[in-house]
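One-letter residues, chain by chain:
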There are 2 protein chains.
Amino acid sequence: MNALSFGVDRTGDGAAVSDTPTVYDVAEQSGVSIATVSRVYRSPDSVRPATREKVLAAARALGYVPSGSARGLASRTTGIIGLCFPDYADPDADSGAGEGDEEAGTLYSDQIIRGMERAARRHGYALLIAASLAGGPESLVAKVAGRVDGFAVLARTVPTEDLEVISRRVPVVMLAGPREIDHMDHIEVANRDGEYQLTRHLLADHGLRRLAFIGSADESPDVGARFEGYRDALREAGLPVPEAPDLRAPLMTRAEGSRATRALLDRPGPRPEALVFANDQMAVGALHTLEEAGVRVPEDVAVTGFDGIPLSRVVRPPLTTVRQPMRRMGEEAAELLIQRVTEAQRTPPVSRVLPVEVTRRGSCGCGEPSGGGASGAALPGAEG
Amino acid sequence: MNALSFGVDRTGDGAAVSDTPTVYDVAEQSGVSIATVSRVYRSPDSVRPATREKVLAAARALGYVPSGSARGLASRTTGIIGLCFPDYADPDADSGAGEGDEEAGTLYSDQIIRGMERAARRHGYALLIAASLAGGPESLVAKVAGRVDGFAVLARTVPTEDLEVISRRVPVVMLAGPREIDHMDHIEVANRDGEYQLTRHLLADHGLRRLAFIGSADESPDVGARFEGYRDALREAGLPVPEAPDLRAPLMTRAEGSRATRALLDRPGPRPEALVFANDQMAVGALHTLEEAGVRVPEDVAVTGFDGIPLSRVVRPPLTTVRQPMRRMGEEAAELLIQRVTEAQRTPPVSRVLPVEVTRRGSCGCGEPSGGGASGAALPGAEG
DNA sequence: TTGAAAGCGCTAACAT
DNA sequence: ATGTTAGCGCTTTCAA
């Protein structure tokens with residue numbers, strides 16, 4: 001009743017065409033059962049070498065490639081882990097000739113992708129990536145979820161209600177944000193501690209007092225945590241603790257960093273001794289503006305960023321910042337997922353905080369003025 | 001006979017647990033047929049709103065997520081395209097604290113991934129990525145091939161014999177290399193023309209005469225094409241045309257670029273007026289070494305690279321190079337694959353050559369000595 | 001070591 | 001607008 005009749009179209013010389021060959025075709029061609037064909041691919045050693053060769057030869061001749069879908073359905077695993085990330089770049093934006101475009105350089109998500117891919121590969125897994133799109137039943141997320149053994153989600157990518165449903169069916173790890181759902185795994189970086197250490201350095205080691213913090217309008221959890229760390233340091237130093245950032249940039253881009261800096265310089269009253277930016281991009285923008293305005297860094301004002309993007313070490317002066325281990329985060333996520341997938345019984349959800357590293361460079365008055373990487377102490381990580 | 005009996009484990013309050021729910025469970029719970037459940041996800045509009053809500057509610061309650069594998073098997077499409085790339089970075093290498101690690105910056109493959117993901121997303125596709133591993137029946141490549149509607153392969157990633165088989169079953173586009181297999185699509189960049197233009201610029205506009213070309217030991221097709229372009233320019237100028245590169249670096253890294261430069265400086269005879277490197281990494285290494293040696297660039301010697309990596313514009317002096325549109329290549333690949341997948345009948349294989357762009361900067365004696373991007377004319381692309 | 005048979009969970013005609 | 005019924009191509013007991 002099944003498809004032995006299922007055609008392998010043949011041209012004159014016997015090469016397969018048009019229809020995609022299946023196990024049945026290979027089995028027929030090599031004179032074995034479909035079970036044996038399957039075994040050749042799943043556990044070659046359980047098949048006699050002679051038989052194996054026969055099957056492989058037939059497969060080659062037919063152009064046979066096992067269907068991943070059929071395998072996945074039958075075996076209930078895919079050997080794939082996934083990643084959903086926000087669509088920073090509008091996919092419809094023109095790629096143009098790629099002017100200053102390149103400079104965006106290594107994105108947040110690129111690093112995570114790289115880390116995950118690497119760790120996945122070590123375990124024989126492939127990585128499925130998809131930037132978030134609209135919600136709804138047929139969102140990309142749902143598609144991803146149905147096709148992987150587990151996946152990671154960058155914060156603010158997938159609606160919580162969707163995750164609520166999905167995370168019951170497949171392991172999900174939330175990246176860089178609050179956990180949101182209590183039975184999900186969760187990895188974040190020490191945003192608060194990082195900014196605290198950085199600010200403390202400005203206060204204690206450089207003796208600065210009038211600081212300004214530039215955050216973002218939409219106040220992501222990450223930026224929020226950084227601001228908290230900033231406040232912690234001020235509080236500890238006995239300085240007035242601001243309720244809100246001195247400025248909130250609509251976007252955390254270089255251009256906005258420039259604009260924010262200009263605004264800050266134009267404000268009445270004494271100029272801040274340090275500009276603490278919520279990310280590197282903005283800080284780099286500030287560097288440009290300050291140079292134009294004839295304000296020296298770090299002599300007249302210190303500048304700090306957050307993220308540790310490659311650009312931060314090549315600007316002049318090199319930027320003091322807090323390095324986020326995004327690559328590492330990707331690796332941890334992959335390892336965690338793969339462990340979840342292979343573990344016999346469900347263990348309690350994990351929450352992991354990755355240590356960040358304060359990188360002291362020229363823009364705060366430290367380190368060598370040029371390249372290199374004088375770095376401070378790594379913060380201890382927490383687990384639980 | 002089928003699984004209406006298929007258990008939805010229930011706890012006291014009726015929440016589903018343990019077993020993954022299927023269409024049958026959702027159908028039962030909402031009092032419709034499995035076909036209707038399927039319709040709710042595939043074409044919501046073909047179902048009465050009231051029914052749809054009922055089904056969705058049940059799905060939510062049960063924690064139902066459609067199985068991608070089952071869908072793929074039944075519908076014979078996956079909505080996924082793939083990419084196989086070489087494993088530049090050893091996955092087992094320690095990620096360490098990430099010292100100078102970051103500087104590797106945006107890799108070749110990152111850009112392609114980004115381009116493909118973006119184009120894929122525009123069409124509602126997700127992207128499956130896998131770095132190549134060993135060959136054999138159970139290679140990652142085979143896994144990818146079986147799970148996608150089509151995929152792209154970076155040159156020298158997958159054994160030709162494997163591709164031979166696989167490309168018969170699913171559309172494959174070869175990236176950046178020779179086509180290898182005649183029925184495969186193929187996209188490459190104008191390596192030869194790019195290096196030709198660049199060399200010609202050195203010869204014609206700067207009046208240089210004694211050039212040296214630094215290639216690679218393994219002589220990839222890309223590097224080979226670049227060398228050809230270099231020779232074309234020399235020939236055209238009536239200069240002696242070398243049989244082989246002046247030096248072949250074992251790896252195209254910065255360190256090797258330094259070493260090569262040292263070797264070249266130590267050679268007897270007049271020093272070259274220009275060092276033409278087969279890629280940017282090596283050229284950057286050269287810049288360092290030349291500075292150490294007290295040789296001025298471009299006054300004493302011009303230096304050029306190839307690729308247009310971000311680093312090339314921040315080094316001192318900024319590097320004259322040929323920018324490869326890798327992002328664009330990713331996009332083209334994705335578009336091509338998706339077209340192949342959706343096209344009614346097979347059209348002849350495509351071979352596309354993407355134009356590159358000579359970027360004239362300080363290291364050859366052009367442009368502003370600092371940042372920015374004075375760029376020359378784009379080369380025309382070819383199609384066919 | 002190999003074969004036979006029963007699904008895996010879904011989509012896609014075809015009915016109704 | 002909804003239900004019925006076959007498979008999609010593979011893995012997997014269970015026998016032989």
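Being a predicted model, the structure only gives us computed values, none of them experimental.

With respect to the overall build of chain A
Along its length, chain A carries 12 helices and 15 strands. Expressed as a percentage of the 384 residues in chain A, the buried residues total 54%. In chain A, the proportion of contacts linking residues at least 24 apart, taken out of those at least 6 apart, comes to 66%. As displayed, chain A offers around 16200 Å² of accessible surface, 51% of which is attributable to carbon and sulfur atoms.

Description of the pairing of strand 4 (residues 126-131) of chain A
With 6 of its 6 residues buried, strand 4 of chain A lies for the most part within the structure. A two-sided burial pattern is seen for strand 4 of chain A, the buried positions comprising A:A126, A:L128 and A:A130 on one face and A:L127, A:I129 and A:A131 on the other. Sheet analysis places strand 3 (residues 80-85) of chain A next to strand 4 of chain A, joined by 6 bridges and oriented parallel. Across the sheet, the residue bridging to A:I80 is A:A126, located in strand 4 of chain A. Summarising the sheet, strand 4 of chain A and strand 4 (residues 126-131) of chain B pair through 3 bridges and their orientation is antiparallel. Its bridge partner lying in strand 4 of chain B, A:L127 is registered against B:I129.

Quick word on the protein's contact with DNA strand D
The environment of DNA strand D is made up of 29 residues, and the closest members are A:V23, A:S38, A:Y64, B:R39 and B:T51. Those atoms of DNA strand D that come within 4 Å of the protein belong to sugar or phosphate at a rate of 62%. Contact between DNA strand D and A:Y64: a phosphate oxygen at 2.6 Å from a side-chain N or O atom of the residue. B:T51 places a side-chain nitrogen or oxygen 2.5 Å from a phosphate oxygen of DNA strand D. Elements that contribute at least two residues to the surface near DNA strand D include exactly helix 1 (23-30), helix 2 (34-42) and helix 4 (68-75) of chain A together with helix 2 (34-42) and helix 4 (68-75) of chain B. Split by residue class, the surface near DNA strand D holds 14 nonpolar, 9 polar and 6 charged.

What to know about the protein's contact with DNA strand C
The full set close to DNA strand C counts 28 residues, and A:T51, B:V23, B:S38, B:Y64 and B:R71 are the nearest of them. Close to the protein, within 4 Å, the atoms of DNA strand C belong to sugar or phosphate groups at a rate of 65%. Within the backbone of B:S67, an N or O atom sits 3.3 Å from a phosphate oxygen of DNA strand C. Sorting the residues of the surface near DNA strand C by element identifies helix 2 and helix 4 of chain A together with helix 1 (23-30), helix 2 and helix 4 of chain B as the ones contributing at least two each.

A short note on the pattern of salt bridges
Counted according to the given criterion, the structure contains 38 salt bridges over all chains. A salt bridge links A:D307 to A:R226, with the nearest nitrogen and oxygen atoms 3.7 Å apart. Remark: A:R226 occurs in helix 9 (residues 221-236) and A:D307 occurs in the loop between strand 11 (302-304) and strand 12 (321-323); sequence separation between them is 81 residues. Here B:E331 makes a salt bridge to B:R122, at a shortest N to O gap of 3.2 Å. Here B:R122 lies in helix 5 (residues 108-122) and B:E331 lies in helix 12 (residues 326-342), a separation of 209 residues in the sequence. Residue B:R122 is classed as partly exposed on the basis of its relative accessible area of 30%. One network of salt bridges, with partners in common, ties together A:R118, A:R122, A:E331 and A:E335.

Points about the packing of helix 2 of chain B against helix 3 (residues 49-62) of chain B
All names here are of chain B. As a packed pair, helix 2 and helix 3 sit with axes 10 Å apart at the nearest point and diverge in direction by 95°. By the angle between their directions, the pair helix 2 and helix 3 is classed as roughly perpendicular. In this structure, helix 2 contributes T36, V37, V40 and Y41 to the contact, and helix 3 contributes T51, R52, V55, L56 and A59.

Some thoughts on the sheet that holds strand 10 (residues 274-277) of chain B
Residues and elements named next belong to chain B. One open sheet accounts for 4 strands, arranged 9-8-10-11; its pairing is parallel. In this open sheet, the two edge strands, each paired with only one partner strand, are strand 9 (247-249) and strand 11 (302-304). On average, each strand axis in the sheet is inclined to that of its neighbour by 20°, with strand direction left out of account. Contacts between helix 9 (residues 221-236) and the sheet are confined to strand 8 (211-216) and strand 10, with strand 8 contributing the most and set at about 165° to the helix.

Overview of the side chain of A:D149
Along the polypeptide, A:D149 turns up in the loop between helix 6 (140-147) and strand 5 (150-154). B:R147 provides the closest opposite charge to the buried, unpaired A:D149, separated from it by 7.1 Å. Looking at A:D149, its side chain comes within polar contact range of the main-chain nitrogen of A:T78, at 2.8 Å. Non-local contacts of A:D149, meaning those with residues more than four positions away in its chain, are made with A:T77, A:T78, A:G79, A:I80, A:Y125, A:V170, A:P171 and A:V341.

Examining the environment of A:P159
Residues and elements named next belong to chain A. On the secondary structure map, P159 appears in the loop between strand 5 and helix 7 (160-166). Exposure remark for P159: the relative accessible area of 36% places this residue in the partly exposed category. A sequence separation of 51 residues divides P159 from R210, and the C-alpha atoms of the two residues are 40 Å apart.

The rules behind the values
Residues numbered from 1 in each chain as written. Chains lettered and ligands numbered in written order. Predicted model: local features only at pLDDT ≥ 70, side-chain atom pairs only at ≥ 80, totals over all residues. Heavy atoms only, no water. Helix = DSSP H or I, 4+ residues; strand = E, 2+ residues; numbered from the N terminus. Buried < 20%, exposed > 50% of the residue type's maximum accessible area, 1.4 Å probe, protein only. Contact = heavy atoms within 4.5 Å. Areas by Shrake-Rupley, 256 points an atom, 1.4 Å probe, with all protein chains shown as cover. Pairing = 2+ DSSP bridges. Near = heavy atom within 4 Å. Polar contact = N/O pair within 3.5 Å; in protein donor to acceptor, adjacent residues only side chain to side chain. Nonpolar A, V, L, I, M, F, W, Y, C, P; charged D, E, K, R; others polar. Salt bridge = Lys/Arg side-chain N within 4 Å of Asp/Glu carboxyl O. Axes fitted to C-alpha atoms, helices over the stretch in contact; angles between N-to-C directions. Parallel < 35°, antiparallel > 145°, perpendicular 65-115°, else oblique. Lys, Arg positive; Asp, Glu negative; His and termini not counted.

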